[in-house]
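Read off the chains here:
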Amino acid sequence: MTYYSIDDLAMMTGLTTRTLRSYIKSGVLHGEKADGRWQFTDDDFGAFLNDTAARRAMRARRNALVSDFLADTAKAEDAACVILDFAVSDAEGERIARHFCDGVNRLGGVEFCYSRRRGMSRVILTGERERVAELVCGYARPADRKEETT
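K.L.:
Give a detailed account of the nonpolar core, specifying residues and quantitative values.
P.N.:
Membership of the largest hydrophobic core comes to 35 residues, with the highest contact counts inside it found for M12, F100, F112, Y114, V123 and L125. Among the elements that take part in this core, helix α5 (residues 90–107) stands out by supplying 6 residues, more than any other.

Structure representation (C-alpha cells):
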C-alpha cells in the first residue's frame, strides 16, 4: 500500500501543509498519525481529490502554476511546462502519482501538481527543462514496459 506524507500531498496539490492541516481539522482530509507524522493512503488522497472545495482550491493552484509560467517572459534558464493527461485506472493513477512525487523529491527544481478524476490522471510539471524532461521520459506505462521487454 502506498502512503503519502503531508509534504507529498502539499507538493502534488500545490496547497500548503498549513492548508492541508486545516482540511484535516475540518474532516475534509482523512489520514492517520504514525510516530507523530501524518500519513495518507491512496484512498484518503483520492477522497480528498473528489471533495468539491478542495478541488476548487487545487484547480486555482494548477491554473496559477501554468499562468505564472506563461507570464514569466524573462526566464534566466531554459524552462518547461508540461501537462500530461493519462486515461488510466485508479491503480495506475496511484503509480503515476508516486513516480512523479518521488522524482520531484529526488531531482528538485520542478513544481508538480497532480489530480485524478473519473479514470483520468493529470500531471502538471514546471521547472528546469532537463529535469522536467527526465521526469517525463522516466515514466513508462505498463504497456510500454511490456514492449521494451519483448
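Once the structure has been displayed, the description carries forward.
K.L.:
Provide a residue-level description of a positive patch on the surface, including the pertinent values.
P.N.:
A cluster of basic residues, R56, R59, R117 and R118, forms a positive patch on the protein surface. Within the fold, R118 resides in the loop between β5 (110–117) and β6 (120–128).

K.L.:
Describe the environment of A64, listing the residues and the values that go with them.
P.N.:
Along the polypeptide, A64 turns up in helix α4 (residues 52–71). Separated by 65 residues in the primary sequence, A64 and R129 place their C-alpha atoms 19 Å from one another.

K.L.:
Could you give an account of the layout of surface pockets, naming the residues involved and the relevant values?
P.N.:
Roughly 210 Å³ of volume is contained in the largest pocket. In terms of lining residues, the largest pocket is bounded by L49, R55, M58, R59, R62, S115, R116, R117, M120 and R122. Of all the secondary structure elements, the ones that give two or more residues to the lining of the largest pocket are α4, β5 and β6. For the lining of the largest pocket, the leading source of residues is α4, giving 4 residues. Its residues assigned to classes, the lining of the largest pocket comprises 3 nonpolar, 1 polar and 6 charged.

K.L.:
How would you sum up the side chain of R62? Please name residues and give values.
P.N.:
Position of R62 relative to the elements: it lies in helix α4. For R62, which is buried and forms no salt bridge, the nearest opposite charge comes from D85, at a distance of 8.4 Å. If sequence neighbours within four positions are ignored, R62 has contacts with C113, S115 and I124.

K.L.:
If you had to explain the side chain of S121 to someone new, which residues and values would you point to?
P.N.:
By the secondary structure assignment, S121 is in strand β6. Residue classification places S121 among the buried residues on the basis of a relative accessible area of 0%. Filtering out sequence-adjacent residues up to four positions away, S121 remains in contact with L84, D85, F86, V88, G93, I96, Y114, S115 and R116.

K.L.:
Provide a residue-level description of helix α1 (residues 6–13), including the pertinent values.
P.N.:
Summarising burial for α1: 7 of the 8 residues are buried, a large majority. Of all the residues in α1, the buried ones are I6, D8, L9, A10, M11, M12 and T13. Regarding α1, its N-cap is S5, as a side-chain oxygen of that residue lies 3.3 Å from the backbone nitrogen of D7 further along. Once α1 finishes, G14 follows within two positions and takes phi at roughly 80 degrees, a positive value.

K.L.:
For the sheet that holds strand β2 (residues 32–34), give the residues involved together with the corresponding values.
P.N.:
The strand order across the open sheet built from 3 strands is β1-β3-β2, with neighbouring strands paired in antiparallel fashion. Here the strands that pair on one side only, and so sit at the sheet edges, are β1 (3–5) and β2. Neighbour-to-neighbour, the strand axes of the sheet open up by a mean angle of 45 degrees, direction not taken into account. Where β1 lies against strand β3 (residues 37–41), 3 bridges are found, and the strand directions are antiparallel. Residue pairing in the sheet places S5 in a bridge with Q39 of β3.

Parameters at a glance
- Residues numbered from 1 in each chain as written.
- Predicted model: local features only at pLDDT ≥ 70, side-chain atom pairs only at ≥ 80, totals over all residues.
- Heavy atoms only, no water.
- Core = buried A, V, L, I, M, F, W, Y, C linked by side-chain atoms within 4.5 Å.
- Buried < 20%, exposed > 50% of the residue type's maximum accessible area, 1.4 Å probe, protein only.
- Helix = DSSP H or I, 4+ residues; strand = E, 2+ residues; numbered from the N terminus.
- Patch = residues over 30% accessible without salt bridge, like charges linked within 9 Å, V, L, I, M, F, W, Y side chains within 5 Å.
- Areas by Shrake-Rupley, 256 points an atom, 1.4 Å probe, with all protein chains shown as cover.
- Salt bridge = Lys/Arg side-chain N within 4 Å of Asp/Glu carboxyl O.
- Lys, Arg positive; Asp, Glu negative; His and termini not counted.
- Charge placed at Lys NZ, Arg CZ, Asp CG, Glu CD.
- 1 Å grid on protein atoms, 1.4 Å probe; cavity = no way out; pocket = protein on both sides within 12 Å on 5 of 7 lines; lining within 4 Å.
- Points joined across faces, edges and corners; volume = space filled by probe spheres on them.
- Nonpolar A, V, L, I, M, F, W, Y, C, P; charged D, E, K, R; others polar.
- Contact = heavy atoms within 4.5 Å.
- Polar contact = N/O pair within 3.5 Å; in protein donor to acceptor, adjacent residues only side chain to side chain.
- Pairing = 2+ DSSP bridges.
- Axes fitted to C-alpha atoms, helices over the stretch in contact; angles between N-to-C directions.

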